[in-house]
Amino acid sequence: MEKKIVLTGIARSKGKAKAEAMVFSHRFGWAFNHVGNEDGCIMTAGWDNHGKSVTDKIVVYPTVTGSTSGAVSLYYKVKESHHGPAGIICREVFPFDISGAIASEIPAVDKLDQDPITTIKTGDIVEIDAPAVGQKATVTITRKG
């Protein structure tokens, strides 16, 4: 039996996406030395989901680690190599990731009414509906029971 959980938050980049979730318990970055540009695989030793690909996933993490290169790296992964995420959800989306998500035309959501790190589980199907930047966004989680 499926269980649905609906959360609301703030859209930092508009768009819609529906995909499997990949959740990280730690700060996360999109730089080329964290996530592979040509395969989307997690490269940083010790990180959650090490060796797995973020390609076409809804990536859930607390906030960013790294530098401004993350915005360009996120754009490259989504638009050029096609090994980027379908959307991002954070406790707080950092400006680097907001600019990367807007340029990549993928939704980014934060300030949810429940902690996304503990509410969303890797493997859940997550749907983001973020119609306008700065406005209410809806995140629907479908968990197989």
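Look up a bit, the structure's there.
Conventions and cut-offs
- Residues numbered from 1 in each chain as written.
- Predicted model: local features only at pLDDT ≥ 70, side-chain atom pairs only at ≥ 80, totals over all residues.
- Heavy atoms only, no water.
- Buried < 20%, exposed > 50% of the residue type's maximum accessible area, 1.4 Å probe, protein only.
- Helix = DSSP H or I, 4+ residues; strand = E, 2+ residues; numbered from the N terminus.
- Contact = heavy atoms within 4.5 Å.
- Axes fitted to C-alpha atoms, helices over the stretch in contact; angles between N-to-C directions.
- Parallel < 35°, antiparallel > 145°, perpendicular 65-115°, else oblique.
- Left-handed = near helix turned anticlockwise from the far one by under 90°.
- Salt bridge = Lys/Arg side-chain N within 4 Å of Asp/Glu carboxyl O.
- Phe/Tyr/Trp six-rings, centres within 6.5 Å; stacked < 30°, edge-to-face > 60°.

Visitor: So what's going on with helix H2 (residues 95–104)? Which residues, and what values?
Guide: In an α-helix, one turn spans 3.6 residues; hence positions three or four apart end up facing the same way. Taken together, the buried positions of H2 are occupied by Asp97, Ile98, Gly100, Ala101 and Ser104. Contacts made by the buried residues of H2 are with strand E1 (2–13), strand E3 (58–61), helix H1 (69–80), strand E4 (87–90) and strand E5 (108–110). Phi for Glu105, located one or two positions after H2, is positive at around 60°.

Visitor: Break down the packing of H1 against H2 for me, with residues and values.
Guide: Two elements in contact, H1 and H2, have axes separated by 8 Å at closest approach and are oriented at 25°. Judged by the angle between their axes, H1 and H2 are roughly parallel. When you trace H1 past H2, the crossing you get is right-handed. Counted together, Ala71, Leu74, Tyr75, Val78 and Lys79 of H1 and Phe96, Asp97, Ser99, Gly100, Ala101, Ala103 and Ser104 of H2 form the full contact between these two elements.

Visitor: Talk me through the environment of Asp56; I want residue IDs and the actual numbers.
Guide: Relative to the helices and strands, Asp56 is located in the loop between strand E2 (15–23) and E3. Between the alpha carbons of Asp56 and Ser25 there is a distance of 19 Å; along the sequence they are 31 residues apart. Those residues in contact with Asp56 that lie beyond four places of it in its chain are Ala19, Gly84, Pro85 and Ala86.

Visitor: Describe the pattern of salt bridges, naming the residues involved and giving the relevant values.
Guide: Enumeration over the complete set of coordinates arrives at 4 salt bridges. Salt-bridge contacts for Lys79 lead to Glu105; the nearest nitrogen and oxygen are separated by 2.6 Å. Pair noted here: Lys79 is in helix H1 and Glu105 is in the loop between H2 and E5, with a separation of 26 residues, a long-range link. The partly exposed category is assigned to Lys79, whose relative accessible area is 29%. Measuring nitrogen to oxygen at the nearest pair gives 2.7 Å for the salt bridge that ties Arg143 to Asp124. With Arg143 in strand E7 (residues 136–144) and Asp124 in the loop between helix H3 (116–119) and strand E6 (125–130), this residue pair connects regions lying 19 residues apart in the sequence.

Visitor: Lay out the packing of aromatic side chains in plain terms, naming residues and giving numbers.
Guide: Tallied over the full model, the rule gives 6 aromatic pairs. Aromatic pair Phe28 and Trp30: ring centres 4.7 Å apart, planes at 75°, arrangement edge-to-face. Overall, the relative accessible area of 0% leaves Phe28 in the buried class. You can call Trp30 buried: its relative accessible area is 1%. For the pair Phe28 and Tyr61, a centre-to-centre distance of 4.9 Å together with 40° between the ring planes defines the contact as tilted.

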